[in-house]
Amino acid sequence: IFAVVFAFNLARPGALERHSFERLALRLIGFGMVASVPYMALNGSWPLNILFTFLMALAVCLLLERGHYRFAVFCFLVGGLLVEYLWFGIALVVAAWWYFKQPAALPLALLLLMWAGLGIVNGSHSALLAIPLVWMLSLVRVNLPRSRWAFYVYYPAHLALIVFVAAWWPSLGGQS
């Protein structure tokens with residue numbers, strides 16, 4: 001869901017002219033580095049966390065937007081080796097971005113295929129459960145206040161909480 005929302009924001013009219021890509025890139029780098037501390041405590045140093053997956057997807061979208069197709073492919077191929085969810089994560093964001101820019105059957109099919117492909121990477125097809133939710137939400141107008149920082153703060157904070165709980169879990173589990 002976060003990937004689709006991220007792609008939607010990248011596809012907004014005027015995003016390139018308002019330098020939204022650059023601001024988002026700086027946020028992703030900063031919060032991605034902050035999140036790397038608890039992420040590495042949980043998963044090791046590879047792959048890079050989801051914020052870097054979004055950064056790679058942003059780079060691919062920006063390069064495509066500017067017509068640098070070869071560099072976009074290079075960034076996709078190399079970036080997919082380094083980030084969480086590999087090429088499926090990057091392609092999911094890029095396909096959603098493409099669909100929001102030009103709604104058509106091909107980008108939608110690619111989006112759904114990459115969504116299903118996440119199951120290959122994480123061994124669970126539970127991500128597919130988000131598809132009907134996203135579709136249903138697209139049918140209603142919900143006026144939620146936007147928060148630029150909510151996900152960026154939430155992601156490293158929830159990882160830190162997981163690290164904290166995991167450090168205390170043996171002592172808590174022994175009392176049951």
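Residues numbered from 1 in each chain as written. Predicted model: local features only at pLDDT ≥ 70, side-chain atom pairs only at ≥ 80, totals over all residues. Heavy atoms only, no water.

Participant: What should I look at first to understand the overall build of the chain in this one?
Facilitator: Across its full length, the chain holds 8 helices and 0 strands. Mapped in sequence order, the helices and strands of the chain form the string α-α-α-α-α-α-α-α. Here the chain has a C-alpha radius of gyration of 17 Å; the compact-globule value for 176 residues is 16 Å, and the two agree. The principal-axis extent of the C-alpha atoms belonging to the chain is close to 55 × 35 × 35 Å. Long-range contacts, defined as pairs at least 24 residues apart, comprise 64% of the intrachain contacts of the chain with a sequence gap of at least 6. (Helix = DSSP H or I, 4+ residues; strand = E, 2+ residues; numbered from the N terminus. Rg over C-alpha atoms; globule rule 2.2 N^0.38 Å. Contact = heavy atoms within 4.5 Å.)

Participant: Help me understand the nonpolar core, please; the structure alone is not making it clear to me.
Facilitator: Across soluble globular proteins, nonpolar side chains have a tendency to be buried as a group. Formed by 43 residues in total, the largest nonpolar core has its most connected members in Phe6 and Leu10. Tallying contributions element by element places helix α3 (residues 50–65) first for this core, with 10 residues. If we ignore the near neighbours within four places in the chain, the residues touching Phe6 are Leu24, Leu28, Phe54, Leu58, Val93 and Tyr152. (Core = buried A, V, L, I, M, F, W, Y, C linked by side-chain atoms within 4.5 Å. Buried < 20%, exposed > 50% of the residue type's maximum accessible area, 1.4 Å probe, protein only.)

Participant: In this structure, what is going on with helix α4 (residues 69–82)? I would like to understand it.
Facilitator: For an α-helix, 3.6 residues make a turn, and residues three or four places apart therefore share a direction. A rise of 1.5 Å per residue sets the reference length of α4, with its 14 residues, at 20 Å; its end C-alpha atoms lie 20 Å apart and thus fit the reference within 8%. Summarising the contacts, the buried residues of α4 are in contact with α3 and α5 (86–101). (Expected span 1.5 Å × (residues − 1).)

Participant: Sorry, what's going on with the packing of α4 against α5 here?
Facilitator: The description of two packed helices rests on the angle between their axes and on the distance between the axes. With their axes 7 Å apart at the nearest point, α4 and α5 run at an angle of 130° to one another. With respect to α5, the axis of α4 lies oblique. Of the two possible hands of crossing, α4 and α5 adopt the one that is right-handed. Contacts between α4 and α5 involve Phe76, Leu77, Gly79, Gly80 and Leu81 on the former and, on the latter, Leu86, Trp87, Ile90 and Ala91. Taken together, the residues of the contact of α4 with α5 sort by class into 7 nonpolar, 2 polar and no charged. (Axes fitted to C-alpha atoms, helices over the stretch in contact; angles between N-to-C directions. Parallel < 35°, antiparallel > 145°, perpendicular 65-115°, else oblique. Left-handed = near helix turned anticlockwise from the far one by under 90°. Nonpolar A, V, L, I, M, F, W, Y, C, P; charged D, E, K, R; others polar.)

Participant: How should the layout of surface pockets be read in this particular structure?
Facilitator: With a probe scaled to a water molecule rolled over the atoms, the places where space remains empty come into view. A volume near 440 Å³ is recorded for the second largest pocket. Elements represented by at least two residues in the lining of the second largest pocket include exactly α1 (2–10), α3, α5, α6 (105–122) and α8 (150–173). When residues in the lining of the second largest pocket are grouped by element, the largest group, 4 residues, is from α8. Looking at the lining of the second largest pocket residue by residue, the class counts come to 15 nonpolar, 4 polar and 1 charged. (1 Å grid on protein atoms, 1.4 Å probe; cavity = no way out; pocket = protein on both sides within 12 Å on 5 of 7 lines; lining within 4 Å. Points joined across faces, edges and corners; volume = space filled by probe spheres on them.)

Participant: I would appreciate a short explanation of the environment of Ala130 in the present structure.
Facilitator: By the secondary structure assignment, Ala130 is in helix α7 (residues 130–139). It is 30 Å that separates the C-alpha atoms of Ala130 and Tyr69, two residues lying 61 residues apart in sequence. Once you skip the residues sitting within four places of it in the chain, Ala130 turns out to touch Ile1 and Trp115.

Participant: Whenever I open this one, a nonpolar patch on the surface confuses me. Can you help?
Facilitator: There is a patch of nonpolar side chains on the surface, built from Trp46, Val73, Phe74, Leu77, Val78, Leu81, Leu82 and Trp87 and spanning about 770 Å² of accessible area. The biggest single contributor to the nonpolar patch is α4, with 6 residues. Assignment of secondary structure puts Val73 in helix α4. Note on Val73: relative accessible area 47%, which makes it partly exposed. (Patch = residues over 30% accessible without salt bridge, like charges linked within 9 Å, V, L, I, M, F, W, Y side chains within 5 Å. Areas by Shrake-Rupley, 256 points an atom, 1.4 Å probe, with all protein chains shown as cover. Salt bridge = Lys/Arg side-chain N within 4 Å of Asp/Glu carboxyl O.)

Participant: Where do I start with the packing of aromatic side chains in this structure?
Facilitator: Note on aromatic pairs: each is described by the distance of the centres and the angle between the planes. Applying the stated criterion to the full structure yields 12 aromatic pairs. Taking 6.4 Å as the distance between ring centres and 35° as the angle between the ring planes, the aromatic pair formed by Phe2 and Tyr154 counts as tilted. Of this pair, Phe2 sits in helix α1 while Tyr154 is found in helix α8, placing the two residues 152 residues apart along the sequence. Overall, Phe2 belongs to the partly exposed group, its relative accessible area being 45%. Tyr154 gets classed as partly exposed once you look at its relative accessible area, which sits at 43%. Between Phe54 and Phe151, the ring centres sit 6.1 Å apart and the planes meet at 35°, which makes this aromatic pair tilted. Residue Phe54 is found in helix α3, and its partner Phe151 is found in helix α8; the two are separated by 97 residues along the sequence. Neither residue differs from the other here; Phe54 and Phe151 are each classed as buried. (Phe/Tyr/Trp six-rings, centres within 6.5 Å; stacked < 30°, edge-to-face > 60°.)

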